[in-house]
Structure formats: C-alpha cells, structure tokens
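What follows is the residue order along each chain.
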2 protein chains.
Amino acid sequence: MRNIELADLEDIALGAAVLGAGGGGDPYVGKLMAQAALRAGGPVALIGADEVGDEDLVVPVAMMGAPTVMVEKLPSGFEVMQAFGALQAYLGRSVRAVMSMEIGGLNSTIPIAVAAHEGLPLVDADGMGRAFPELQMVTPTLHGVKATPMAICDEKGNAALLETIDNHWTERLARSMTVDMGGAAMIALYPMLGKQLRPSVVRGSISLAQQVGRAIRSARVERRDPVAGLLGACPGALLFEGKIQDVSRQTDGAFVRGRVRLEGIHASRGRDFQIEFQNENLVALCGGEPVACVPDLISTLDLETAEPITTERLRYGLRVAVVGLPADPQWTSPAGLELVGPERFGYRFPYRPVRELLPASGRA
Amino acid sequence: MRNIELADLEDIALGAAVLGAGGGGDPYVGKLMAQAALRAGGPVALIGADEVGDEDLVVPVAMMGAPTVMVEKLPSGFEVMQAFGALQAYLGRSVRAVMSMEIGGLNSTIPIAVAAHEGLPLVDADGMGRAFPELQMVTPTLHGVKATPMAICDEKGNAALLETIDNHWTERLARSMTVDMGGAAMIALYPMLGKQLRPSVVRGSISLAQQVGRAIRSARVERRDPVAGLLGACPGALLFEGKIQDVSRQTDGAFVRGRVRLEGIHASRGRDFQIEFQNENLVALCGGEPVACVPDLISTLDLETAEPITTERLRYGLRVAVVGLPADPQWTSPAGLELVGPERFGYRFPYRPVRELLPASGRA
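Residues numbered from 1 in each chain as written. Chains lettered and ligands numbered in written order. Predicted model: local features only at pLDDT ≥ 70, side-chain atom pairs only at ≥ 80, totals over all residues.

## Thoughts on the overall build of chain A
Secondary structure assignment for chain A yields 11 helices and 18 strands. What you see for chain A is a C-alpha radius of gyration of 19 Å, in line with the 21 Å of a compact globule of 364 residues. Principal axes of the C-alpha set define a box for chain A whose edges measure 60 × 45 × 35 Å. When each of the 364 residues of chain A is scored for burial, the buried share is 57%. (Helix = DSSP H or I, 4+ residues; strand = E, 2+ residues; numbered from the N terminus. Rg over C-alpha atoms; globule rule 2.2 N^0.38 Å. Buried ≥ 20, exposed ≤ 12 C-beta atoms within 10 Å, placed from the backbone.)

Below you can see the structure in the form of structure tokens.
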C-alpha cells in the first residue's frame, strides 16, 4: 500500500491517457477533478488486489459516453458520488474500496476522486488495461462477473438502478439512458467481492499509468525524446510518424466513430497510414494493410511532447507518433478475442499481435 | 367495498377497452390474464379511494409500449409481479393496495391480476379516466405526484429502478428502455399515499368500466343496439357511422402513430371522417373540421356489436360507430389541457368540448 498524493496526479492522468488508446477521457479534465477531490479529502491509499479481503466489496466507478460529448459536458463531480452512493445503498452494505473499470485520462482519475471523497482506498487495477467503447468489454465479463446491479446518474439529478440478465443487456440499456441523459453519464457498476476481483481484473494499472506518465515527463525535463521515453517504460512499438491529413468523425450521441489519415514523415516518409476508431482507436492500417488492431493498444501522441491525443482532439496538421502496445494476455485468449477482437468490431481480418512487431528485447 | 369475481372480468375488460379511447391494450388478452390470476388467487376486494388510509401506500402497475407490439408480445404474467415486487422492496415498506394508472382493456385488468397474486385490494380509480400514450399524462402529475421511484421489467428478466427530476424525464428514460426491451415492458410507478391519491386520481373508473361493459353486453343479449346501450350507460355522443376506407399506421418501437379514414353510412352517408392517433385516438375530423379531440375520449366500436376496436386492430372494411365521451373535469382545466390538450400533440386548434355535442339530457 502507498498513497496517491496531489503530486502524483499529473503522471497518472498523462500515462492513463496514453494507455486509454485514444479514449477514456481527457487527461486535463481528469487531473483537475482528482486534484479538487484530493485537496478536500486528503491522499488516497492505493492497495494491491491481494490486499482486498475475500468478502470485501469493491465498487468501480466511471464516466460513460462519447468522448466528444464528455469534453463538452464536464462532470460536476457530484453525480459520480451520487451513482456510487445509490449503488452502495441498493447493495445494503459498506463498500470497502473503489476501483477503475477502464484506464483513461478521465476514467482513471474519477475513481481517485470518489475514493478521496468517501475516504476509501483505491485498488491498483482496472477491468480493461486500456479503454474500450462498450461496458461489457471488461475482463471480469470473461470470468462471469455481472455488470449489475449498476447505478447511472446525470448532472440534472436523474438516476437509475439496473439489473440485467447479462452484460450485453447492461450496455444496451445503459447506452440508451446515456444518450437520453445528454450523451454522458456517471456510472457505478460491476460490484465485486475480493475473491471475484482477484482473478478477473487487470492488475497494477494505476501504477503502470503513473510509470508511463513519469517516463514521458522525465524525458521532457531532460530534453530526451519523450516518445522514446514512453517506449522505454513499457513494451511497445513505434508504428508510424506522420502529419494528420484528414479526420472524419461522427457522433451519434452514443459513440464517436471515424478515421484519421496520416502522411508519413521521418522514417515513415512516403507511406500512408490510417487509424479507425469507435471512441477508442480500433485498427491501424499502413498502405491498407492492418499493422495493429484491438485488443492491442493504439495510441496517438504529439510527436514532440508525447502528449496523448484522444480521438476527439485529433485535427488536421498535428504531427504525431503512433505507438502500439500489447494488450493484457486475458484479451488475447479465444474468449477475450471474441469479446473485443477485430471481428467483434466488424473487421474481417483476424487478430495479429502487435507484440510480433516489438524489438526482441521488448517481447514478453 | 365489494369483490371483483371471475364473472365480472368480461364486463370490466370490455368497458375498459371502450374507455381506453383506442389504446390501453387488447381486452381479450387482458381478460385472460386476470382470469388466470383470479383462479389462482381468489377474488379481489375493490375499495373506494376514501377507504385508503392517509398513510397507506398504493402502487399502480401497467404495461408500457406501443399497442401494436403489446398484441404480439404477450406478457408472461410474471414480469409485472417482478416490477411490483422490485418497487415494493426499493420503497422498503408494505404496499396496501394496487391501482390502475390508465383505463384500457389490458391496463385495467393487469392491476386486478397483481392484486389477486399479492392478496391486496384494488382501488376503484385510475390516473387518467381513459388511456394516454405517455406516462406523465396522468392527473396525479397535475397535483405534483412524482412518477418515481418507478420499476420497469421485461419478460427476459431485465429490470430497472428509476428516480427522475420530473415526470417528463421518467417518460423519456422509461420510453427508451421500453424500446430496448422490445417495445413493451411492465411497470410499477407513481407510488402514492392515500392522502396524495384521494385528490389526484380519477375515481370510480373500474366500476364505470364494468357498467359500460354490462350495458353493451345486456343490449347484445336483449338484441337492442349495443352502441345505443353504451350511450345510455354513460354521457357520450355518436359522432359518426362509417366504413373504414384506409388505415395508415407506423410503429417506431416507441409509439404507433397513424390515421384512419371513414366513409359515412346510415345518417353519416355522404360525409367523410378521419381519426388521427398516437397509440390512442387523438382527434376526429369531419370534412376536415375537428369534431372531437383530446382530452375527450374518441372510441371506435364495431357497428353491430359495439366491440371496441383498438388502434392496432383497425383495418379496411370494418363498419364502425365512433363515439365521443367527455374527459374527466381535471383534464379540461388550463393545467390539464396544457398536459394533454390538442396543442400538446402538435395540433393548432384549441380544445372544443365534445360535451357541447351531447343531447341536452346527457350534459353534466
């Protein structure tokens, strides 16, 4: 166990946005929210999954919605406490720790804010090891953990509790409510006991996010290449360096879908590159051929600063580095690929691990 | 207080379908459901609104959805008990009586089934004195009664509890869930104490439905005109007699909307007539001029038998009588007309009471 202090938030939000694979919310907004909560509630204890008792109840919290909306419709900070409180009251027992369900600039810091507000520890884990667009797309689904009972709240004061027959139904009903609620809502879901949590989550995500953020920040301070700094802190491959030529993006209230086209620069000169996304980056194509795809992480970073560029911030003219990072091994199992592999998102090609592109030293 | 016995169901379902103004569900399905419940649970006590104690909790139940779907997707009879039970558990106190929120072939009999199953009395009242397409369109809304907490369940086992800031938000969120659930869902809502219920509901609706049904049935047995029999049992005017020439109807999952065109026969010969509906009949036009409109009741009956024809059963060639019945006086107040008057449904003409068309003897 260690504490998350105010000084840690910068690195956590930055690293989480890299690991959010284009989604998971804006790191600047996420940092501000957690800063306010830590100032009011003091530091948050970060505990390992092994420190959670078998019968201890853990409740993950998150923001749900299209990132384009989440940037415009900032959370008040209150409604997520309301969602947490409603679920705790419905369960009729005390929650012992808070958790993140996805890694991302906002969805890694919102749970810190709730933990600070409630005076509870945060589990150093999450349910994806990245961000995904739909709420059934978490490793606990692979282990039979139910998303419900789930609470969902908006900033106006509307709230609902859901009990569904499976996690796809939770996604379906909660997605409609999120659209009705204006495109973004706060949720508390996947209540888990320690014994359910331990085998099913992705461990160490908050620490990994902080490590990634720290590596980028140190490289910036020491005037080294921050993208190289990032790739020194976790296994990953530089897929492309380029300038954004074109972004097409549609938000239908539920999701933002689109693609970005890049023209190569530096070592990538003369090649064209495209990334397709649904909230998060799904596939990267070079010369029309897939070079990386879900469940592996595809992250777009500012070429000079390695600042992660979430899908709603992509715009013409930005010079970016695209990196590929291997997914948690739970995702590359047959069941994992069935839930979040390329075919699940409508692509006709099979998963090809980005791990194969890594330099030998970086392969696990 | 008196009992509702098996033998009463035929008249209640028939009369309720007349008062359902084209909606409120199919009387045949409604009768079967209540019959099964009365056989299993025995007769149901019917109590007046004045017999409910000030602090007694009453919970109305209903089916929500487009009638076209409700006819195809029959309730199992179980999910409405689940909705009732979920709301009772959430409220954390015993419910003392069940109630209907709208009068209709199904929505007047579902509460009888729940009352029989739970061994509770049924209040002789409802929240509309007819059927309306949206759930905030009830007289308790005029008195500040909240629709939530509300439970909603489908036949698959999905369920939700809603808490909203106003009854329009309840409609919006519950409508989306109903669409997701396949176009029809079972709901328990508007939990009320006796002291809230008494000033805000439409009293005597179940008895009135039974009286209307009995009048039609007696006329049939005695070979008198059943439409005249109906108009002898409650104030109302014969608006038109005609043959259906054309029905246009669209179901978008949430509502069925459309219009029916009639060609006059008998005394109506030479005139044309049109009814527009959203689940329920909204306006009746003769020669393009409105002759009856919401909140007054417009009901289409088989010309020979006075069997009510709900909007999903309208079809080419049927010979029908169209009757207009005055709405409960709560609906013709300025606040009532604002909630359910013709302008609320997008019409540009003001409410004109069908009461003005009644023979002098029938005017209140």
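## Some details on the domain arrangement of chain A
Residue and element names in this part refer to chain A. Domain annotation of chain A identifies domain 1 (2-203) and domain 2 (226-347). Taken together, the contacts link 28 residues of domain 1 with 27 residues of domain 2. Listed by contribution, the elements that provide at least two residues to the side of domain 1 that touches domain 2 are helix H1 (9-19), helix H3 (67-72), helix H6 (139-142) and helix H7 (167-180). Ranked by residues supplied to the side of domain 1 that touches domain 2, first place goes to H3 with four residues. Grouping the constituent residues of the side of domain 1 that touches domain 2 by class yields 16 nonpolar, nine polar and three charged. (Domains from an automatic or database assignment. Contact = placed C-beta atoms within 7 Å. Nonpolar A, V, L, I, M, F, W, Y, C, P; charged D, E, K, R; others polar.)

## Overview of unusual backbone geometry
All names here are of chain A. In this model, Val-294 is joined to Pro-295 through a cis peptide bond whose omega is 5°. Structurally, Pro-295 can be placed in the loop between strand E16 (289-293) and strand E17 (297-302). If you check the backbone angles, Arg-223 has positive phi at about 55° while not being a glycine. Position of Arg-223 relative to the elements: it lies in the loop between helix H9 (205-221) and helix H10 (226-233). For Arg-223, a count of 7 C-beta atoms within 10 Å puts it in the exposed group.

## Quick notes on the environment of Asn-158 of chain B
Take Asn-158 of chain B: it is sitting in the loop between strand E7 (150-153) and strand E8 (159-163). Separated by 27 residues in sequence, Asn-158 of chain B and Ala-185 of chain B have C-alpha atoms that sit 9.8 Å apart. Contact partners of Asn-158 of chain B, with chain neighbours within four places excluded, come to Thr-164, Ile-165, Trp-169 and Leu-173 of chain A together with Cys-153 and Met-181 of chain B.

## Re the relation of the copies chain A and chain B
Each copy of the chain is related to the other by a rotation around an axis and a translation along that axis. Between chain A and chain B, which share one sequence, the superposing operator has a rotation angle of 180° and an axial displacement of 0.0 Å; the RMSD is 0.0 Å. One copy is carried onto the other by what is essentially a two-fold rotation axis. Taking C-alpha positions as reference, the residue of chain A nearest the rotation axis is Leu-161 of chain A, located at 2.5 Å. The share of interface residues of chain A whose copies in chain B are also at the interface is 100%, consistent with both copies meeting through the same surface. (Least-squares fit on C-alpha atoms with pLDDT ≥ 70 in both.)

## Brief notes about the sheet that holds E17 of chain A
Note: strands within a sheet are paired through backbone hydrogen bonds, in either parallel or antiparallel orientation. All names here are of chain A. In space, the seven strands of this open sheet follow the order E16-E15-E14-E13-E12-E18-E17, with antiparallel pairing throughout. The open sheet has two edge strands with one neighbour each: E16 and E17. Strand-to-strand twist of the sheet, defined as the mean angle between neighbouring strand axes without regard to direction, takes the value 35°. With six bridges connecting them, E17 and strand E18 (residues 319-325) associate as antiparallel partners. For Ile-298, the partnering residue across the bridge sits in E18 and is Gly-324. Together, strand E12 (237-251), E17 and E18 form the strand contacts of H10, whose direction differs from that of E18 by roughly 5°. (Pairing = 2+ DSSP bridges. Axes fitted to C-alpha atoms, helices over the stretch in contact; angles between N-to-C directions.)

## With respect to the packing of H9 of chain A against H10 of chain A
Residues and elements named next belong to chain A. Where H9 contacts H10, the two axes come as close as 8 Å, and the packing angle between them is 145°. Crossing geometry of H9 relative to H10 is assigned as right-handed. Listed contacts from H10 to Gln-211, Val-212, Ala-215, Ile-216, Ser-218, Ala-219 and Arg-220 of H9 are Pro-226, Ala-228, Gly-229, Leu-230, Gly-232 and Ala-233. Of the residues contributing to the contact of H9 with H10, the split by class is eight nonpolar, four polar and one charged. (Left-handed = near helix turned anticlockwise from the far one by under 90°.)

## As for H1 of chain A
All names here are of chain A. Here H1 lies mainly inside the structure; 10 of its 11 residues are buried. Considered for burial, the residues of H1 that qualify are Leu-9, Asp-11, Ile-12, Ala-13, Leu-14, Gly-15, Ala-16, Ala-17, Val-18 and Leu-19. Next to the buried residues of H1 lie helix H2 (27-41), H9, H10 and E17. The positive-phi residue at the C-terminal boundary of H1 is Ala-21, with phi of around 60°.

## A word on the interface of chain A and chain B
Contacts between the two partners involve 16 residues from chain A, matched on the other side by 16 residues from chain B. Going through the elements one at a time, strand E8 (159-163) and H7 of chain A are the ones with two or more residues in the side of chain A that touches chain B. In terms of residue class, the side of chain A that touches chain B is made up of eight nonpolar, four polar and four charged.

## Things to note about the nonpolar core
Ranked by size, the top nonpolar core spans 241 residues in total, and within it Ala-83, Ile-152 and Ile-187 of chain A together with Ala-83, Ile-152 and Ile-187 of chain B carry the most contacts. Those residues in contact with Ile-187 of chain B, other than ones at most four positions away along the chain, are Val-61, Ala-62, Met-64, Ala-83, Met-150, Ala-151, Ile-152 and Ala-174 of chain B. (Core = buried A, V, L, I, M, F, W, Y, C linked by C-beta atoms within 7 Å.)

## Overview of the confidence of the model for chain A
Mean pLDDT for chain A: 93, with 95% of residues reaching 70 or above. Overall fold confidence (pTM) sits at 0.90, and the ipTM for the predicted complex is 0.86. (pLDDT = per-residue confidence, 0-100.)

## Some words on the sheet that holds strand E18 (residues 319-325) of chain B
Residues and elements named next belong to chain B. As summarised here, the arrangement of the seven strands in space is E16-E15-E14-E13-E12-E18-E17, forming an open sheet in which the pairing is antiparallel. Of all the strands in the sheet, the pair left with one neighbour each is strand E16 (289-293) and strand E17 (297-302). The sheet shows a mean angle of 35° between the axes of neighbouring strands, taken without regard to direction. Direction of pairing for strand E15 (residues 280-286) relative to E16: antiparallel, over a ladder of four bridges. Its bridge partner being in E16, Cys-286 is matched across the sheet by Glu-289.

## Here's the deal with the pairing of strand E2 (residues 44-47) of chain B
Two faces belong to every sheet, and in a regular strand the side chains alternate between them. Residues and elements named next belong to chain B. Residues Val-44 and Leu-46 point to one face of E2 and are all buried, whereas Ala-45 and Ile-47, pointing to the other face, are not buried. Note that E2 and strand E5 (residues 122-123) share two bridges and pair parallel. Directly across from Leu-46, in E5, lies its bridge partner Leu-122.

## Description of the environment of Ile-152 of chain A
All names here are of chain A. Note on placement: Ile-152 falls in strand E7 (residues 150-153). Distance from Ile-152 to Leu-162, taken between C-alpha atoms, is 8.2 Å for residues 10 residues apart in sequence. Residues in contact with Ile-152, not counting those within four places in the same chain, are Ala-83, Ala-159, Ala-160, Leu-162, Ala-174, Met-177, Ala-185 and Ile-187.

## Concerning H9 of chain A
Residue and element names in this part refer to chain A. Between its terminal C-alpha atoms H9 stretches 24 Å, which fits the 24 Å expected from 17 residues at 1.5 Å a residue. Looking at H9, one finds that the buried residues are Ser-205, Ile-206, Leu-208, Ala-209, Gln-210, Val-212, Gly-213, Ala-215, Ile-216 and Ala-219. A positive backbone phi angle near 55° is found at Arg-223, which sits one or two residues after H9. (Expected span 1.5 Å × (residues − 1).)

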